[in-house]
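Topology and contacts: notes
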2 protein chains.
Amino acid sequence: MRAADRETAIRAAALRIFRRKGYDAASMQEIADAVGLNKGSLYYYISSKQELLVRLFEGRAEQVLGEMDTAASRPGTPRERLRAIVRVYVLGVLRNLDAVHVYVREEHSFPRTALQQVRRTHQAMRDHFERVIVDGMRQGDFVERDSKLATLALLGTCTWVHRWYRPGGRLTETAVADDFAERAVRMLCA
Amino acid sequence: MRAADRETAIRAAALRIFRRKGYDAASMQEIADAVGLNKGSLYYYISSKQELLVRLFEGRAEQVLGEMDTAASRPGTPRERLRAIVRVYVLGVLRNLDAVHVYVREEHSFPRTALQQVRRTHQAMRDHFERVIVDGMRQGDFVERDSKLATLALLGTCTWVHRWYRPGGRLTETAVADDFAERAVRMLCA
DNA sequence: CTTTCTACCGAACGGTCGGTCTGCTAATGT
DNA sequence: ACATTAGCAGACCGACCGTTCGGTAGAAAG
């Protein structure tokens with residue numbers, strides 16, 4: 001197997017096992033078994049367990065943030081833009097179910113610098129929500145209320161999806177995203 | 001120090017430390033240090049680390065569920081009842097911030113029987129939400145949409161509070177609860 | 001004063017963990 | 001034909017973990 005494939009396999013196995021057992025409870029031996037390697041051989045590809053954890057999230061949040069950027073910059077009423085942003089965010093959660101789960105759980109195990117990086121990205125996402133909400137309130141599309149609380153309420157709805165969504169179940173990803181986008185608008189309208 | 005006080009102190013310390021470091025990463029030594037005991041002496045009061053974890057949640061969910069029962073059984077329109085239920089639930093989360101945090105994080109570390117017990121209680125809470133939502137749709141108070149998705153959206157908003165609320169900050173507990181109760185109604189109304 | 005019981009200490013145990021080190025093997029480059 | 005190196009196995013280390021246990025100071029009971 002090529003080296004790049006091994007790395008991918010190791011990360012995939014680690015993500016799966018961290019999700020199932022948690023970061024601390026998961027052992028490097030289990031990850032090694034899952035990819036068919038000896039435990040010590042893992043350290044040919046990674047430098048530490050913590051670094052492996054952090055690497056699992058590389059690019060994911062930035063990818064979703066990029067999609068939110070374009071969704072937010074398209075012309076349209078605040079209602080339309082909110083719908084688009086919510087859709088993109090929910091789909092981002094749904095397409096990274098395991099990663100979101102592990103991040104929410106293990107955020108505190110991150111080293112300081114990596115944590116700051118991810119936090120910045122998340123803050124940027126929150127800003128997208130809040131900006132369109134404030135815009136909507138100014139233009140009269142949305143009812144005037146605490147915009148920060150509105151943002152947190154919305155983020156809660158959308159992020160919590162990772163706790164109950166089961167792929168292959170009754171609902172497709174887009175069905176959930178569309179439904180929540182509509183609900184978000186309703187929650188804010190007068 | 002009296003034995004009952006010690007037990008209380010141990011649980012308080014464990015809850016605090018589990019919240020800060022996670023169940024697996026927290027050591028019995030830290031808990032012992034926090035209450036001023038030798039590590040081994042903890043086992044005079046508890047039988048295992050896992051049992052200590054489970055005991056932290058005794059009665060909490062049942063307490064909130066009881067309050068939801070009374071809130072749901074009071075007469076009133078679905079709007080009023082929904083408001084009351086959301087209020088009680090959010091306040092329940094806010095008054096048990098650490099416990100909710102640890103539970104969400106360590107649910108998978110619970111032994112089977114304890115897990116089933118807590119899951120039943122949570123299911124009962126979800127049923128309260130869904131029932132009043134379905135009632136409201138039937139009576140025309142709420143717009144007809146997928147009631148299960150509405151329940152999950154609402155639960156997400158209310159439960160996610162534990163991730164961002166900081167006691168002593170800008171918002172009081174009742175301020176958040178009241179605001180979210182109002183938002184819940186808006187999200188469901190036509 | 002003696003016995004009993006409570007609350008606790010200190011040491012140790014078996015086991016697991018993340019991580020290191022040495023060296024083999026097969027492929028690759030020259 | 002030879003040297004080099006990537007890729008990996010397997011033994012191993014020190015640290016730390018949850019848990020157990022023999023023992024004991026001091027209060028309470030008799």
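On a predicted model such as this, the values are computed, not experimentally measured, just so you know.

Taken together, the 37 residues of chain A in the interface contact 37 residues of chain B. Summed over both sides, the interface between chain A and chain B buries roughly 3400 Å², with carbon and sulfur atoms accounting for 56% of that surface. Between chain A and chain B we count 8 salt bridges in total. In this structure, Arg170(A) and Asp146(B) form a salt bridge, with 2.9 Å as the shortest nitrogen-oxygen distance. At the boundary of chain A with chain B, the tally comes to 19 residue pairs in polar contact (both at pLDDT 80 or more). Examining the composition of the side of chain A that touches chain B, we find that 9 residues originate from one element, helix α8 (residues 147-159) of chain A, more than from any other. Tallied by class, the residues present in the side of chain A that touches chain B amount to 16 nonpolar, 6 polar and 15 charged.

With that settled, the discussion passes to the protein's contact with DNA strand D. Around DNA strand D, the surrounding shell holds 17 residues, and the nearest of these are Asn38(A), Tyr44(A), Tyr45(A), Tyr43(B) and Lys49(B). Of all atoms in DNA strand D that approach within 4 Å of the protein, 69% are sugar or phosphate atoms. One of the side-chain N or O atoms of Arg6(A) is found 2.8 Å from a phosphate oxygen in DNA strand D. Within the side chain of Tyr43(B), a nitrogen or oxygen atom sits 2.4 Å from a phosphate oxygen of DNA strand D. Looking at the surface near DNA strand D, its residues break down into 7 nonpolar, 7 polar and 3 charged.

So, about the pattern of salt bridges. Where charged atoms from two side chains of opposite charge come close, those side chains can pair. Within this structure, the stated rule accounts for 40 salt bridges over all chains. Here Arg183(A) makes a salt bridge to Asp179(A), at a shortest N to O gap of 2.5 Å. Here Arg183(A) and its partner Asp179(A) are both found in helix α10 (residues 173-188), 4 residues apart, which amounts to about one turn of the helix. Exposure class is identical for Arg183(A) and Asp179(A). Each is buried. Among the ionic pairs, Glu182(B) bridges to Arg186(B), the shortest N-O distance being 3.4 Å. Of this pair, Glu182(B) and Arg186(B) are both found in helix α10 (residues 173-188), 4 residues apart, which corresponds to roughly one turn of the helix.

In this section: the relation of the copies chain A and chain B. When chain A is fitted to chain B, the best match, at an RMSD of 0.1 Å, comes from turning it 180° and sliding it 0.0 Å along the axis. As the rotation angle and translation indicate, the two copies are arranged about a two-fold axis. Considering only C-alpha atoms, the part of chain A nearest the rotation axis is Met187(A), at 1.9 Å.

Now for helix α6 (residues 97-106) of chain B. One turn of the α-helix equals 3.6 residues, which is why residues spaced by three or four share an orientation. With 9 of 10 residues buried, α6(B) lies mostly within the body of the structure. Turning to α6(B), its buried residues are Leu97(B), Ala99(B), Val100(B), His101(B), Val102(B), Tyr103(B), Val104(B), Arg105(B) and Glu106(B).

Conventions used here
- Residues numbered from 1 in each chain as written.
- Chains lettered and ligands numbered in written order.
- Predicted model: local features only at pLDDT ≥ 70, side-chain atom pairs only at ≥ 80, totals over all residues.
- Heavy atoms only, no water.
- Contact = heavy atoms within 4.5 Å.
- Buried area = accessible area lost by both parts, 1.4 Å probe.
- Salt bridge = Lys/Arg side-chain N within 4 Å of Asp/Glu carboxyl O.
- Polar contact = N/O pair within 3.5 Å; in protein donor to acceptor, adjacent residues only side chain to side chain.
- Helix = DSSP H or I, 4+ residues; strand = E, 2+ residues; numbered from the N terminus.
- Nonpolar A, V, L, I, M, F, W, Y, C, P; charged D, E, K, R; others polar.
- Near = heavy atom within 4 Å.
- Buried < 20%, exposed > 50% of the residue type's maximum accessible area, 1.4 Å probe, protein only.
- Least-squares fit on C-alpha atoms with pLDDT ≥ 70 in both.

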